[in-house]
Structures are given as C-alpha cells and as structure tokens.
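Commentary on secondary and tertiary structure
Residues per chain are reported as follows:
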Amino acid sequence: MFFLSRTLRSAFTLWAILTMVFVATRLTGDPTYYLMPAELPEQQRVELREKLGLNDDIATQYLRYGAAIVQGDFGRSFFSNRSVVDLFFERVPNTLLLTIPAFLLSVGIGLCGGICAALRHNGLFDRALTTATVVMQAIPNFAVGIAAILIFSLSLRLLPSGGMGTWKHLILPVITLGLGTCANVAHLVRSNMLEVLGQDYIRYARSKGLSPAVVVLKHGLRNAILPVLTILGLQFGGLVAGAVVTETVFAWPGVGRLVIDAVMKRDFALLQFGILVFSAAIIFANLLVDLAYGLLDPRVRGK
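Just so we're clear, the structure is a prediction, and the values are computed from it rather than from any experiment.

**Focus: the environment of R26**
Among the secondary structure elements, R26 is positioned in helix α1 (residues 2–26). Spatially, the C-alpha atoms of R26 and D57 are 9.9 Å apart, while their sequence positions differ by 31 residues. Excluding residues within four positions of it along the chain, R26 makes contact with I58, Q61, F268 and Q272. At 3.1 Å, the side chain of R26 forms a polar contact with the side chain of T25.

**So, the packing of aromatic side chains**
Overall, the coordinates contain nine aromatic pairs when judged by the stated rule. Taken together, a centroid distance of 5.4 Å and an interplanar angle of 90 degrees make the contact between F88 and F273 edge-to-face. Note that F88 is positioned in helix α5 (residues 84–119) and F273 in helix α12 (residues 268–296), a separation of 185 residues in sequence. Since its relative accessible area comes to 5%, F273 is described here as buried.

**Section: the side chain of R49**
Of note, R49 is situated in helix α3 (residues 42–52). Discounting chain neighbours no more than four positions away, the residues touching R49 are D30, T32, E42, L54 and N55.

**Focus: the confidence of the model for the chain**
Mean pLDDT over the chain works out to 83, with 94% of the residues at or above the 70 mark. Ranking the helices and strands of the chain by mean pLDDT puts helix α7 (residues 141–155) first, with 91, and helix α13 (residues 298–301) last, with 56.

**Observations regarding the packing of α5 against helix α11 (residues 255–265)**
Contact geometry of α5 with α11 gives a least axis separation of 8 Å together with a crossing angle of 140 degrees. Put simply, α5 runs oblique to α11. Two secondary-structure elements touch here, α5 through L87, F88, R91, V92 and T95 and α11 through V255, G256, L258 and V259. Looking at the contact of α5 with α11, its residues break down into six nonpolar, two polar and one charged.

**Details of α11**
Among all positions of α11, only V255, G256, L258, V259 and A262 are buried. The buried residues of α11 occupy one face: seen down the axis, they fall within an arc of 160 degrees. Where α11 ends, the next residue or the one after it, R266, has phi of about 60 degrees, a positive value.

**What to know about the packing of α5 against helix α6 (residues 124–138)**
Running from N to C, α5 and α6 point in directions that differ by 135 degrees, and their axes come no closer than 8 Å. Accordingly, the angle class assigned to the pair α5 and α6 is oblique. Like other packed secondary-structure pairs, α5 and α6 cross with a definite hand, here left-handed. In contact with G113, G114, C116 and A117 of α5, α6 contributes F125, D126 and L129.

**Some thoughts on unusual backbone geometry**
Its identity is not glycine, yet N122 carries a phi of approximately 70 degrees, on the positive side. For N122, the position within the fold is in the loop between α5 and α6. For A251, which is not a glycine, the phi torsion comes out positive at approximately 50 degrees. By secondary structure assignment, the location of A251 is in the loop between α10 (212–249) and α11.

**Observations concerning a nonpolar patch on the surface**
Judged by side-chain polarity, F142, I146, L150, I151, F152, L154, L156, L158 and V245 come together as a nonpolar surface patch covering roughly 810 Å² of accessible area. Ranked by residue count, the leading element in the nonpolar patch is α7, at six residues. By secondary structure assignment, the location of F152 is in helix α7. Of the residues examined, F152 reaches a relative accessible area of 33% and is grouped as partly exposed.

**Thoughts on the environment of R203**
Tracing the sequence through the fold places R203 in helix α9 (residues 200–207). The exposure class assigned to R203 is partly exposed, which follows from its relative accessible area of 44%. Along the primary structure R203 and V215 are separated by 12 residues, whereas in three dimensions their C-alpha atoms are 9.1 Å apart.

**Considering the pattern of salt bridges**
Tallied over the full model, the rule gives three salt bridges. In this structure, E90 engages R82 in a salt bridge whose closest nitrogen and oxygen atoms are separated by 2.4 Å. Look at E90 and you get partly exposed, because its relative accessible area is 47%. Classification of R82 as partly exposed rests on a relative accessible area of 32%.

How each quantity is defined
- Residues numbered from 1 in each chain as written.
- Predicted model: local features only at pLDDT ≥ 70, side-chain atom pairs only at ≥ 80, totals over all residues.
- Heavy atoms only, no water.
- Helix = DSSP H or I, 4+ residues; strand = E, 2+ residues; numbered from the N terminus.
- Contact = heavy atoms within 4.5 Å.
- Polar contact = N/O pair within 3.5 Å; in protein donor to acceptor, adjacent residues only side chain to side chain.
- Phe/Tyr/Trp six-rings, centres within 6.5 Å; stacked < 30°, edge-to-face > 60°.
- Buried < 20%, exposed > 50% of the residue type's maximum accessible area, 1.4 Å probe, protein only.
- pLDDT = per-residue confidence, 0-100.
- Axes fitted to C-alpha atoms, helices over the stretch in contact; angles between N-to-C directions.
- Parallel < 35°, antiparallel > 145°, perpendicular 65-115°, else oblique.
- Nonpolar A, V, L, I, M, F, W, Y, C, P; charged D, E, K, R; others polar.
- Arc of directions from axis to C-beta.
- Left-handed = near helix turned anticlockwise from the far one by under 90°.
- Patch = residues over 30% accessible without salt bridge, like charges linked within 9 Å, V, L, I, M, F, W, Y side chains within 5 Å.
- Areas by Shrake-Rupley, 256 points an atom, 1.4 Å probe, with all protein chains shown as cover.
- Salt bridge = Lys/Arg side-chain N within 4 Å of Asp/Glu carboxyl O.

Given below as structure tokens:
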C-alpha cells in the first residue's frame, strides 16, 4: 500500500504540473508574432493561429493535447516543425554530461567533507567547512558561473568560458552546477553524524574495541544516511533546474538552454514537453528516494 500510494501521488503531481504549464503558456502571449513579421496583415496571423489550433478556447486545446499525449504525440515545434521529442532528446546527452558528474562529485565530496567535519567537531576543518557551506548555499548558480568565467577564463585564461568541445569545457559548468548540492550534502551529513556519534550505541561500539572506521562507517554513517537520502532526491531536482541557468551562462547546448529558447519564442509544444520531462525526472527521483526510505526503514511503510 505504501509503494502504491507514493506512485499514485507522483502521477497526480505530474498531471497537475502539466495542466498548470499548459494553461500558463497560453497566457504568455501570441507565438505568431515570433513566427511572422509584424507588418503582415492581421488576417494572415489569424489564419496561422487557426492552423496551429490556437484560436480554440483553452479547454478545447487542453482536451486535444491530452488525447494526443495518450497516443504518444507531444506535438511539433512551431519554429522547426520537428517533433519536440526528437528536438529534446537530441540535447539530453549534453545535459547528462553535466548533471551526472556534478551529482556524483558533489555527493562524494559532500559525504567525505561532512564526515570529516563531524569527526573533528569544532576544529579548524569543521569551522572552515561550516563557513564554506553557508557561503555556497547563499550564492546563486548564475553568480558562481559568472565569477568563474571572469576569474578562470578572462583573467587567468586557464579554461574556456563556454561552449562544448574538450574536457576543459566541462570543468567550470560542472563545478558551478554541483557547488550548491555539495554544500547541502556536507552540511546535512555533518549535522546527522554529530547527532549519531553522540548516541549510546556508538559509545558501546567503541567500548567493545571496534576500530574507528567500523564505528563511523558501519554504525554511524548507516544511521545518519537515511535523512540524507531524502535530500538527495531534492538535490537531484535542484541540479536539473540548475542546469537551465548553468547551460545558459556557459552557452552549453543542452536541454536547459533549449527550454529557455522555447520560453523566449513562445514555442508552446517544446516548452510543455521540456517542463514535463524535467518534472518527471524530479518526481521520479523523489519517488525512488521514498521507496528506498521505505525499504531501509520499515517504520515508514506503516505511515
């Protein structure tokens, strides 16, 4: 019942997001002003809106769109007249090339940093990490990206400022994208480890003569990792959303930049599909976290 309820809740959330995006896009403006020169007669604009199905009321458009989705048709781009599915998934490998390394590096560094800070509570490393995490959590992605370009590209000329090519093009956007996640994970792991290391069973494990590594990793981290799993789903969603900004700052040809272009041009079908995939990725990640949490902690399944 636990797994079924979580799955149904996720499906309902995805449907609600799709509905809100569909309505919101129709309120943003008329895409024909981007498709046709402004000096053309209004009659031609009306004919184009009729051809695109934009003259119907929103309810009719929504029902038609829902029926098309059921048949696997997510529409075609107004500007390229290509399937939005093809346009989107052409860019997916480029975005994964940023998000996967950023996620793995940020989680790995965040876990190690949080554990080390907890073991050296109130020490120099702990104070430095606490300060660094606060600063990194406060600075938005676009500011970090712009600062990185100014320092490492324009001033020091060590790394390219944007685009896609060699491995050097990955360094700045990956660091920019993963910095916030790294700070959040490190902060949470440190807090949880400090709480766990003060428990009676940890003192008992140490009194038995177990090695520090066994006490920390087997008994400490195992119990401190459960709340971290919850935040990892949210952090993955943050990476997906952050990719939109990061790809724009570094001129990276991924799906985030594609969606931004769709917003600027009022390319409804492409924008709707992009938001749908982003939302599905975030919801699926959180669903996996919920299911994993239920498997690791039987008490959760009873709620």
